[in-house]
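Report on the structure
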Amino acid sequence: MQGVGPGTVLGGRYSLRRRLSQERDLERWSGHDATLEREVTLTIVGSEHRNCAGVLDAARRAAGVEDTRLVRILDVGAQNDTSFIVEESMSGSDSLATILLQGPLPAEEARRVAGETAKALETAGQRGLHHLRLTPHHVLIASDGTIRVSGVAVAAAIDGPDQQEPDSATALRRDAISLAAITYTALTSRWPLDEKIPGVEPAPRMINGVVAPAEIAAGVPGDLDALCQLMLNEHAGPLTPGVFANRIAPWSRQPVHRDEHEPTAVLPLPGSDVGGDTPTGDLQAGDASVSTVGTEPTVVFSAHAVPPQATPGGSTGPVPPSDQAPPIATPNVGEKASAAGAATTKAFGTAFSSAGAAAGAVGSKLGSFARAASERKSAGPDSDQTGSNQTGSNQTGSGHEADNASDQGNQGGEGAGRGNEQVGLPDGLTGHFDDVEAPLPMLPASTALPPSRGQSKTVVLVVAVFVGLALFVGYRGLLGPVSDSAPGKPTPRRTVTVSAPAVTVSASTAPTAAPTAAGPIAILSATGFDPEGDKIERNGQVARVYDGDLTTAWTSEGYGTADFGNLKKGVGVILDLGQPTSVHQVTIDLGSGPVDVTAYAATEPRLEGATVVGTATDANGRVQLKATKTMPKAQYVIVWFTKIAPDGNQFRASISEIALN
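Just so it is clear, the model here is predicted, and its values are computed rather than measured.

Helix 7 (residues 241–248) sits mainly inside the fold: six of its eight residues count as buried. Of the surrounding secondary structure, the elements contacted by the buried residues of helix 7 are helix 3 (107–126), helix 5 (168–188), helix 6 (222–232) and strand 18 (525–529).

In structure tokens, the structure reads:
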């Protein structure tokens, strides 16, 4: 960008230092604020940008949102033909996309990252701002575990005004879907949505959508797995970031780190003998070594045997050593070696084409041993010996490999003479393993011996004594207590007669059985309900109706009259109980009155087919709506207002708290 470079001062105080990224008419720089002596990050927007004014307007609006989980926008300005946005520096943080190069996060860390991100977007949504472009690159994690979200409103504006900004309900739902995608990616290191994300591999897909997280990674909690499938494949689930956060809560306030003490199985990458005839990429015996400590091994690839890299002139030379240690992948050796290979591939660049080549080389080598054994057995001792000699001569480029091949040839010849050939793994793959002995018995060997004659007699005698005592006690019980004055004769039992006045209950006054509240019922989530309007009703506030705090309240939108200006029949909130439950009492703490309100129990989030729990008219304060009959089980409770109370120049419905029994 013309006129912008290291040392350029913008706004009279922001000195540019290093360019972080560059796009058409857009650059990101690290800088220094000379006035407040602090590091900052600047986004430079050129005058030719297709939505320059929109980007700056979005930045100004986002600067007014206060939440510690959002990257703060400190300043917005312009100088000549260059506009700029100043943000707090996040130099000590890594994006989620970068962290996932080392493998998926622990399940509870993924829950924490998704929950904190959802809370940040919930705050922005309450101010009418939405992200609409959330990816793992916008979620930043500091070294102490602090999570920040960047790009609220600004990222969508940078993409340009090609598409009309969606309405609030659609924008909130889109952010909720992105949160499900962030959760999926944190659990699997795969991105489940259609758009491609640089640095993050796409998730595998089936006919009905993306593969469930639990089928890719181990240890995925059932609720996160079900929620990801519900939102990404079935297009259902939470409609807002706030409801999404409530659905996955609670989460740890402290970062959950990966296990740093997992055992490893070290597999050096295939080597190449430049001066010999060994084909590049063929894994030789002894190239791989395995070490196990603990119960669940993991895979790393060693860089000691990286093949030479061809130079432009046609010669070969060693690959320069990497400054970073090769990444460690956490999956099991047999099932997920490809994941570790993929991480290693990214670390070494062009040193090898794919990490799957290492696993393929191992399989190819084992296959070659099996084929060689079969050929030696069918051809006889002479041909086997000849084959072993040829193998030894073709591998003169590596003395150690030639010795191993010669030893295998000699063993093959001897085995053919015996007529019972046995083929084993190379020494490098088996040298560190010991044969596992049979487990020791839990009880001494004498336990399995039959009892002796004396022991049998003792058992029979003990059983006979107990049987005799039982018969004696039963006989005495039949006779009853014996009087001291007349031994041997049963004492006549006394009869006690108690008289009481008769009580007559007429059929007309007998009470009827009525349902009773067995106990409080938990509310899983809540959403605003406006079926005849925009389908939502202040969703950003609706979680307040079950937060246990009477000082907070959900308030509907304002209307011109108590009957909604004849625009609709009513508004309310929907409570999701998570599972079918029989609700017999709904207690509502109203924020204002008088109002007409009805509580329904419904199997679907709609009024059609719902069952009335109770109704109140001209209600104020606390209202208890009790069912007069046994209620069927339902997953949803709908609190529906048909008349609302005055609030200044308008009319609104307001709820401080709802309790269910």
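After presenting the structure, the write-up continues.
We now examine the environment of Leu 625. The residue Leu 625 is located in strand 24 (residues 622–626) in this model. Owing to a relative accessible area of 3%, Leu 625 belongs among the buried residues under this scheme. Note: C-alpha distance between Leu 625 and Ala 599 (26 residues apart in sequence) is 7.2 Å. In this view, Leu 625 contacts His 584, Gln 585, Val 586, Ile 588, Val 597, Thr 598, Ala 599, Val 613, Gly 614, Thr 615 and Ala 616; residues no more than four positions away in its chain are not counted.

Here we take up helix 1 (residues 52–63). For helix 1, spanning 12 residues, the distance from its first C-alpha to its last is 17 Å, which sits close to the expected 16 Å at 1.5 Å a residue. Residues of helix 1 that are buried: Cys 52, Val 55, Leu 56, Ala 58, Ala 59 and Ala 62. Buried positions in helix 1, seen along its axis, are confined to an arc of 160° and lie on one side of it. Buried residues along helix 1 sit against strand 4 (38–46), strand 5 (73–79), strand 6 (82–88) and helix 4 (154–158).

The element strand 6 is extensively covered by neighbouring structure, given that seven of its seven residues are classed as buried. Direction of pairing for strand 4 relative to strand 6: antiparallel, over a ladder of seven bridges. Directly across from Val 40, in strand 6, lies its bridge partner Glu 88.

Attention shifts here to the pattern of salt bridges. Tallying each qualifying case throughout the model produces 22 salt bridges. In this structure, Arg 148 and Glu 88 form a salt bridge, with 2.5 Å as the shortest nitrogen-oxygen distance. On the criterion of sequence distance, the pair formed by Arg 148 in strand 9 (residues 147–149) and Glu 88 in strand 6 is long-range, its members being 60 residues apart. In this pair, the class of Arg 148 matches that of Glu 88, namely buried. The shortest N-O distance in the salt bridge between Asp 618 and Lys 643 comes to 2.5 Å. Placement of Asp 618 in strand 23 (residues 611–619) and of Lys 643 in strand 25 (residues 634–643) is noted, with a sequence separation of 25 residues between them. Assessed through its relative accessible area of 47%, Asp 618 is described here as partly exposed. In the salt-bridge network here, residues are joined through shared partners; they are Asp 67, Arg 69, Glu 116 and Arg 253.

The rules we used
Residues numbered from 1 in each chain as written. Predicted model: local features only at pLDDT ≥ 70, side-chain atom pairs only at ≥ 80, totals over all residues. Heavy atoms only, no water. Buried < 20%, exposed > 50% of the residue type's maximum accessible area, 1.4 Å probe, protein only. Helix = DSSP H or I, 4+ residues; strand = E, 2+ residues; numbered from the N terminus. Contact = heavy atoms within 4.5 Å. Expected span 1.5 Å × (residues − 1). Arc of directions from axis to C-beta. Pairing = 2+ DSSP bridges. Salt bridge = Lys/Arg side-chain N within 4 Å of Asp/Glu carboxyl O.

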